[in-house]
Amino acid sequence: RGAMSTPEPASETVPAVDWWRGACLYQIYPRSFADANGDGVGDLAGITAHLDNVASLGVDGIWLSPFFASPMKDFGYDISDYCDVDPIFGTLADFDRLVERAHGLGLKVIIDQVFSHSSDRHPWFQDSRVGRTGSRADWYVWADAKPDGTAPTNWLSVFGGPAWTWDGRRRQYYLHNFLASQPDLNLHNPEVQAAHLASARFWLERGVDGFRLDAINFSMHDPALTDNPPAERPGPHVRAFDHQQHIHNQSHPDILPFLERVRALSDQYGAFTVAEVGGDHALSEMQAFTSSGRLNTAYGFDFLYADTLTPKFVLDTLMAWPEAPGAGWPSWAFSNHDSSRAVSRWTSPDQRAARARLDMLLLVSLRGNIFLYQGEELGLPQAELSLDQIRDPEAIANWPLTRGRDGARTPMPWRAEAAHAGFSAAEPWLPIGVGHAALAVDRQAADEGSQLALTRRLLALRHRRASLRLGALVPLEAPASLLAFERVFEGERTLCLFNLGREAVDWRAADAGAWRVAEAVNGASLDRLAPGSGLLAFRGGG
């Protein structure tokens, strides 16, 4: 299913640098990873039981999506207690056991921090809505109605409708960029900043190795409450949210000094920080958020929302992150819990197995950190769910024009012949994707030609080769359908070739005889690349 060639010398090593630079982190969506207590929902104990499998991939660490106390209106991104585990996932003791086991396997543990909003069930919000003079009166974003009783601004929610909800107890509107049950915290308030830093310290003291900062560009608004202008690209949009330029409800410049406080805290523990940033101005914001003295890296949506890949798009995206003193360091993902799985976005069903191999080869070749989403190592396609099966509030609101996020959140298949593919003894909270059981871990574990085996080999290459993990990215001239670049670190070079077109490409690298192929997929060679094929070849450094 993919050709292996001459292995590179085992003596090749990556120099000692910050552990996170060039790392691969494996994203775990706790509800859907493994269910240990048989209630149909994944939990922390289930994760702990399968960490050996994760470590065998060769990743550097795990990123856990939220497991905090929550009413689960947005499946954990609506937090009611920042310093506790929701009972459906287990207990703090379960979390401590997870961290201990992960560290014992050499895995770092990264967790989400949701600074922009909380649940409306959080005691902070319950205190804040009582009145305008209490100790937490200014902990959320409140504003008076206009004289005619309408909302203070024209701002819109990501999930539909106005970003303001009237609260009769306080006789004011409160801001929510997402669900009405996710009120926006007033991060301009130093007390709110201090409370968030205290909760972050709580988890650092429990041994976590870093944080992903969820939707961090939504964390501060324009206090002048200025209306947003219309979108620069008019036309029909599925979401009302897309009719505006979001320049006043988010991305306030005061986010930057707050991120410096987050970095100062994380540095005390040697912890890692990655910002999640989306939107029309994501690139400039990510680079500002990761400039000197701020966060370590930023995680954008360039590939997550791309409907197709072309060599020009890939190179333009990668080269937008220059190598310069003080410049930020990028992070990349092809799939996650908020986007449909790349293998279903980028090819037809009959080509998915081959495309999964090509995508994994490309992902491990990128300059920056890479994030692998659970099931990507198996080549799982997007699950197709019916309206009665979905749970995602965004999908329910926009069905069928938006299929939502649940198709990427279906449970992991562990054992092909087991009930519910070994995920749980009970009916899962989302169904097992059609065809996913045939791709289960136990089916692929002993197959050297499987996607799982390829993933392990490629991550091992990335670990061994400094050029792949740390090197510069140098584009090469090539035909329009061929993505060609080198990764270069000191005397070591890696040639990376990917035919993203539908026709074979004859192409020969300079000094072709000096290269040795380390991994080739779907019929690639140093002279000819079949459609959808790719290879990595090495020289120097060994």
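Owing to the predicted nature of the structure, the values given are computational and were not obtained by experimental measurement.

J.: Would you mind going over the packing of aromatic side chains in detail, with residue names and values included?
T.: Under the criterion given, the structure shown has 32 aromatic pairs. Pairwise contacts between aromatic rings join F67, F68, F95, F202 and W203 into one cluster. Directly above the aromatic system of W429 lies the positively charged group of R31, at a separation of 4.3 Å from the ring centroid.

J.: So what about helix α10 (residues 352-363)? Which residues, and what values?
T.: Think of an α-helix as 3.6 residues a turn; residues three or four steps apart then line up on the same face. The end-to-end C-alpha separation of α10 is 16 Å, in line with the 16 Å expected for 12 residues at 1.5 Å each. Along α10, 10 of the 12 residues are buried, which leaves the element largely enclosed by surrounding structure. Of all the positions in α10, only A354, R355, A356, R357, L358, D359, M360, L361, L362 and L363 are classed as buried.

J.: I'd like a description of the environment of R502, backed by residues and values.
T.: For R502, the position within the fold is in the loop between β16 (492-499) and β17 (505-506). In this structure R502 comes out as exposed when scored by relative accessible area, which is 78%. R502 sits 23 residues away from P479 along the chain, and the two C-alpha atoms are 13 Å apart.

J.: Give a description of the nonpolar core that names residues and reports values.
T.: Counting 127 residues, the largest nonpolar core has Y26, L64, F67, F95, I111 and F498 as the members making the most contacts within it. Aside from chain neighbours lying at most four places away, what touches I111 is L64, F67, F68, F95, W203, V208, G210, F211 and R212. Judged by nonpolar contacts, the second largest core, of 15 residues, contains A484, W515, V517 and L535.

J.: So what's going on with the sheet that holds strand β8 (residues 172-175)? Which residues, and what values?
T.: Judged by pairing direction, the sheet is antiparallel, and its 3 strands sit side by side in the order β6-β8-β7 without closing on themselves. Each edge of the sheet is formed by a strand with only one pairing partner; in this case those strands are β6 (142-143) and β7 (164-167).

J.: Before we move on, could you go through the environment of W63 and cite the residues and values that matter?
T.: Tracing the backbone shows W63 in strand β2 (residues 61-64). Residue W63 is classed as buried on the basis of its relative accessible area, which comes to 0%. Expressed as a C-alpha distance, the spacing of W63 and L483, which sit 420 residues apart in the sequence, is 30 Å. Within the structure, W63 has its side chain in polar contact with the side chain of D112 (distance 3.0 Å).

J.: How would you sum up helix α8 (residues 311-319)? Please name residues and give values.
T.: Those residues of α8 that sit buried are P311, V314, L315, T317 and L318. One face of α8 carries all of its buried residues, which in axial projection span an arc of 160°. Where α8 is buried, its residues meet β12 (329-333), β14 (472-475) and β15 (482-489).

J.: Could you give an account of the pairing of β15, naming the residues involved and the relevant values?
T.: Along β15, 6 of the 8 residues are buried, which leaves the element largely enclosed by surrounding structure. In this structure, β14 lies alongside β15, joined through 4 bridges in antiparallel fashion. The residue bridging L473 from the neighbouring strand is R487, located in β15. Taking the residues that link successive antiparallel strands as the turn, the β14-β15 hairpin has 6 residues. Of the pairings in the sheet, the one linking β15 to β16 comprises 8 bridges and is antiparallel in character. When the sheet's bridge partners are listed, R487 is paired in β16 with T494. In textbook terms, the turn of a hairpin is the stretch between consecutive antiparallel strands, and for β15 and β16 this stretch comprises 2 residues, one of which, E490, has a positive phi near 50°.

Definitions and limits used
- Residues numbered from 1 in each chain as written.
- Predicted model: local features only at pLDDT ≥ 70, side-chain atom pairs only at ≥ 80, totals over all residues.
- Heavy atoms only, no water.
- Phe/Tyr/Trp six-rings, centres within 6.5 Å; stacked < 30°, edge-to-face > 60°.
- Lys NZ or Arg CZ within 6 Å of the ring centre and 35° of its normal.
- Helix = DSSP H or I, 4+ residues; strand = E, 2+ residues; numbered from the N terminus.
- Expected span 1.5 Å × (residues − 1).
- Buried < 20%, exposed > 50% of the residue type's maximum accessible area, 1.4 Å probe, protein only.
- Core = buried A, V, L, I, M, F, W, Y, C linked by side-chain atoms within 4.5 Å.
- Contact = heavy atoms within 4.5 Å.
- Pairing = 2+ DSSP bridges.
- Polar contact = N/O pair within 3.5 Å; in protein donor to acceptor, adjacent residues only side chain to side chain.
- Arc of directions from axis to C-beta.

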